[in-house]
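Spelled out, the chains give:
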Amino acid sequence: MNNTFPLLKARIGSQVIIDELKGGPGFYRRLIDMGLLPGTNIEIISGGTNGPIIIAKDGIRIGIGARMAAKIFVRPA
Amino acid sequence: MNYTVAIAGNPNSGKSTIFNALTGLHQHIGNWSGVTVEKKYGEYKIGEHIINIVDLPGTYSLNPKSIDERIARDFIISKKSDLVVVVVNASDLEKSLTLLIDILEAGIKTLVVFNMMDMVKIQGKTIDIRTLEKILNIRILKTVAHKKIGTDRLKLSILQEIKTPTQQRFKIQYKERIETTIKKAIKYITVPENIGVNKRWIFLKFLEGENILNFSEETLKRLNEYKKIISDFLHSQNLELYFVEKRYAYVEGLIKETVKNELPLEKRIFISDRIDRIVTNKFLGIPIFILVMGAMFYLVFTIGTPLSNLIESFFEWISVIIKTFLTGLNISSIIISFIVDGIIGGVGSIIVFLPNIALLFLGIGILESSGYMARAAFIMDKFMHIFGLHGKSFIPMIMGFGCTVPAIMSARTLDSEKDRILTILVLPLMSCSARLPIYVLFASIFFPHKEAFVVLSLYFLGIIIAMIVARIFKNIFFKAKIAPLIVELPPYRMPVWKDIFISVWIKSKLFIKKAGTVILLAAVIMWVLASLPPGVEYASRESFIGKIGSFFAPVLKLSGFGFYEAAVALIMGFMAKELVVSSLGTLFGTTLRSSIQTLFTPISAYAFMIMSLVYVPCIATIATIKQEAGWKWSVIVILYSIILGWILATIFYQTSLLIKTIF
């Protein structure tokens, strides 16, 4: 799939699907704890464009640091 | 009968609110044995039964990643409780249910509370609770804990559930091959008396990499053979991921079956998100944060100071009354001095600040309860990185405005050891509430009507110094990368006033208790040292205390306060920062304010405040640092803080003098 991009670059208000998590086991585990597995549908609430980002996953809001968001690859929903 | 009930759940699930609703003011704070994680427990009475409640640290799973989570896990699987109440955040079912089915699979007796049912309504969802109860073979209660909806019924249901003998048999069915291997493997497992879980779960956790029972060499060998069969079968080395994903998949299925969304996703824009778009905005985030903090301190003073003045007048009034009364009784002047100067002067001078301190805790409580505090970590992440700190370091730093000791403990939320120790090293630079009286006293004497501004400047100065020190320590000791940041942000909501008032009440009580014990004792010792040797003028240079102070005073001369009273106050401050003010109170008695006014100038007063801010944290803090990070770091903290405090106070004093003479 060629239309994937890092979560970091997602626009506020857009909806994306997590495509791939490009990080080590610790990174993976933290995301799993938050229920952010590949295939999850999320919405960008605030931040982004190279800063930390707030996303919505169903009822909850999760803040993700910029370096982490750079390693989460998403595709448009 | 006495029963014990543990409350478990994700962080932010409303666990503490449930705990508060159950126990009210009947709660205690202690430590989990061996570690310094805060342990909250309490009790409530129902009929002739007493139900003891233990509030476990928040956890996402039974595969612990931090000490907090390990404590929660170990308590849940021990037989220490008669029932585990699992608090589920109903507006975030996926994460909560994953923890729940992990607990159910272990075969632990549980009662489930679906909290925040009001949020579910706002989200436009309906949850088919009956079906969930049937599938999972559990009882579910609905609550909106912060509005006290359903909490009375919970009290009764807990007792009913304890008395109903049930056997939890829930399990997720894995692939045939895995199930048969599990059956063979568990023959080699014996569960000890004090552990209340089934063998199957112990083995599942073993597959996930948790050796909970510390198996013997021999058992370990056998179990590893079975583990290999399963990992060969799944073509995977990371079995933990396999089982975690299975649990998630199971939960997803459950949710599909029982939850209906009435509103499409795009229509669910909450007020909370609107607020977040502004409050966490790239450009507005930090200015808004500074504004919020400013407003908090402004309120602490505009409301607190008149109340403090009232208490101060009260102590002055009572001093006069007692003095006249005792003089009338012909009691020797030494005893009168002991009571009036020693006790009332020492303890009174610190009790005066109770309103300011209570209001500060109220402010921190509001920030926490409203959901803003969690955002602070997020907003400050990038900024904190510049100085080598983690976004999550910020919450302990704000808590440090209350008291450094719990702040150091709360640094446990940082996953990386290096980030955690670095945070601990700079936490003493956050002005704790015990330093507030020093600022307020000096600011009100030398900078009237600008108190809030002066005090706020010291708070920010503390933050700035902490940042710079962090950067330096990061370069010297911790050259590793900072751990990535991911935090759950609870939705904004009206603060839960009951929780806040309970917390303010408990902390104010502690403060008064400290004033009545440690500070009283110190005041008595101070008074004795100030009155001896016999015949000496009270608190004069010739008294013992005067001699001790005079010994150190020359060192402080360059900083602008080279007199023995200041030296004594600072030495006492090492015991507890409140003692800086209270020992001045004991030394000067009723002439506290006028004496300070003659000894200090505005410049030396500010230098003294800088010194009080930076120099050595109190003994309790040092002890906590030793416990949490080791003695090496506590020694480093003592050394750097004393040297830095003196240097900064001196630089400030000397340059200010220089500037003053030039202009």
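Residues numbered from 1 in each chain as written. Chains lettered and ligands numbered in written order. Predicted model: local features only at pLDDT ≥ 70, side-chain atom pairs only at ≥ 80, totals over all residues. Heavy atoms only, no water.

Turning our eyes to something else, we now look at the nonpolar core. Residue and element names in this part refer to chain B. In this structure, Met-397, Phe-442, Phe-561, Ile-596, Phe-600 and Phe-608 are the most contacted members of the largest nonpolar core, which totals 117 residues. In terms of residue count, the dominant contributor to this core is helix 20 (residues 451–476) (12 residues). What Phe-561 contacts, discounting residues up to four positions off in sequence, is Leu-556, Ala-566, Leu-570, Phe-600, Ser-604, Ala-607, Phe-608, Met-611 and Ala-649. Core analysis: the second largest hydrophobic core is formed by 63 residues, Leu-104, Leu-132, Ile-172 and Tyr-242 among them. (Core = buried A, V, L, I, M, F, W, Y, C linked by side-chain atoms within 4.5 Å. Buried < 20%, exposed > 50% of the residue type's maximum accessible area, 1.4 Å probe, protein only. Helix = DSSP H or I, 4+ residues; strand = E, 2+ residues; numbered from the N terminus. Contact = heavy atoms within 4.5 Å.)

Attention now moves to the pairing of strand 3 (residues 41–47) of chain A. A regular strand places its side chains so that they alternate between the two faces of the sheet. Residues and elements named next belong to chain A. With respect to burial, strand 3 is a largely interior element, six of its seven residues being buried. Where strand 2 (residues 15–21) and strand 3 come together, three bridges link them in antiparallel fashion. Residue pairing across strands places Ile-17 opposite Asn-41, the latter belonging to strand 3. Of the pairings in the sheet, the one linking strand 3 to strand 4 (residues 53–57) comprises four bridges and is antiparallel in character. Across the sheet, the residue bridging to Glu-43 is Ala-56, located in strand 4. (Pairing = 2+ DSSP bridges.)

Next up on the list: the pattern of salt bridges. All names here are of chain B. Summed over all chains, the structure comprises 17 salt bridges over all chains. The salt bridge partner of Asp-55 is Lys-15, with a shortest N-O separation of 2.9 Å. Here Lys-15 lies in helix 1 (residues 15–23) and Asp-55 lies in strand 4 (residues 49–55), a separation of 40 residues in the sequence. With respect to burial, Asp-55 and Lys-15 carry one shared label: buried. Between Asp-232 and Lys-228 there is a salt bridge whose closest N-O contact spans 3.0 Å. On the criterion of helical spacing, the pair formed by Asp-232 and Lys-228 is a turn pair, its members being four residues apart in helix 9 (residues 217–234). Look at the salt bridges and you will find they share partners, linking Asp-102, Lys-205, Glu-208 and Arg-247 into a network. (Salt bridge = Lys/Arg side-chain N within 4 Å of Asp/Glu carboxyl O.)

Turning to the confidence of the model for chain A, a few remarks are in order. On average, residues of chain A carry a pLDDT of 82, and 92% of them reach 70 or more. Of all helices and strands in chain A, the one with the weakest mean pLDDT is helix 1 (residues 25–33) of chain A (76), whereas strand 6 (residues 72–76) of chain A scores best (90). (pLDDT = per-residue confidence, 0-100.)

All names here are of chain B. Where helix 7 (residues 176–185) meets helix 9, the closest approach of the two axes is 10 Å, and the angle between their N-to-C directions is 180 degrees. Considering their axes alone, helix 7 and helix 9 lie roughly antiparallel with respect to each other. Only Leu-223, Tyr-226, Ile-229, Ile-230, Phe-233 and Leu-234 of helix 9 make contact with helix 7, whose side of the interface consists of Arg-177, Ile-178, Thr-181, Lys-184 and Ala-185. When grouped by side-chain class, the residues that make up the contact of helix 7 with helix 9 number eight nonpolar, one polar and two charged. (Axes fitted to C-alpha atoms, helices over the stretch in contact; angles between N-to-C directions. Parallel < 35°, antiparallel > 145°, perpendicular 65-115°, else oblique. Nonpolar A, V, L, I, M, F, W, Y, C, P; charged D, E, K, R; others polar.)

Each partner contributes residues to the interface: chain B has 39 residues there, and chain A has 36 residues. Taken together, the two surfaces of chain B and chain A that pack against each other cover about 3,300 Å², and 55% of this comes from carbon and sulfur. When the area that chain B buries against chain A is broken down by residue, the three leading residues are B:Arg277, B:Phe378 and B:Ile486, summing to 19%. Across the contact surface, chain B and chain A share one salt bridge. The salt bridge partner of B:Glu94 is A:Lys57, with a shortest N-O separation of 2.5 Å. Between the two partners, chain B and chain A, sit five residue pairs in polar contact (both at pLDDT 80 or more). Sorting elements by how many residues they give to the side of chain B that touches chain A places helix 10 (residues 239–258) of chain B first, with five residues. A class-by-class count of the residues in the side of chain B that touches chain A yields 14 nonpolar, seven polar and 18 charged. As paired elements, strand 5 (residues 60–64) of chain A and strand 10 (residues 486–489) of chain B share four bridges and run antiparallel to each other. (Buried area = accessible area lost by both parts, 1.4 Å probe. Polar contact = N/O pair within 3.5 Å; in protein donor to acceptor, adjacent residues only side chain to side chain.)

As a further point, take helix 6 (residues 151–163) of chain B. Taking 1.5 Å of rise per residue, the 13 residues of helix 6 of chain B would be expected to cover 18 Å, and the 19 Å separating its terminal C-alpha atoms lies within 8% of that figure. Turning to helix 6 of chain B, its buried residues are B:Thr151, B:Leu154, B:Ser157, B:Ile158, B:Leu159, B:Glu161 and B:Ile162. (Expected span 1.5 Å × (residues − 1).)

Spatial ordering of the open sheet is given by 1(A)-6(A)-2(A)-3(A)-4(A)-5(A)-10(B), a layout of seven strands whose pairing is antiparallel. Every other strand in the sheet has two partners, leaving strand 1 (5–6) of chain A together with strand 10 of chain B as the edge strands with one partner each. Across five bridges, the pairing between strand 2 of chain A and strand 6 of chain A is antiparallel. When the sheet's bridge partners are listed, A:Glu20 is paired in strand 6 of chain A with A:Phe73. The strands touched by helix 1 of chain A are strand 2 and strand 6 of chain A together with strand 10 of chain B; relative to strand 2 of chain A, the strand with the most contacts, the crossing angle is about 145 degrees. Its contacts with the sheet place helix 11 (residues 271–279) of chain B against strand 3, strand 4 and strand 5 of chain A, and it is angled at close to 45 degrees to strand 3 of chain A.

This part covers the pairing of strand 5 (residues 83–89) of chain B. All names here are of chain B. Burial of strand 5 is extensive: seven of the seven residues sit out of reach of the surface. The pairing of strand 1 (residues 2–9) with strand 5 spans five bridges and is classified as parallel. Its bridge partner being in strand 5, Ala-6 is matched across the sheet by Val-84. Bridge analysis of strand 5 against strand 6 (residues 110–115) gives six bridges, and the strand direction is parallel. Counterpart to Val-88 in the pairing with strand 6 is Phe-114.

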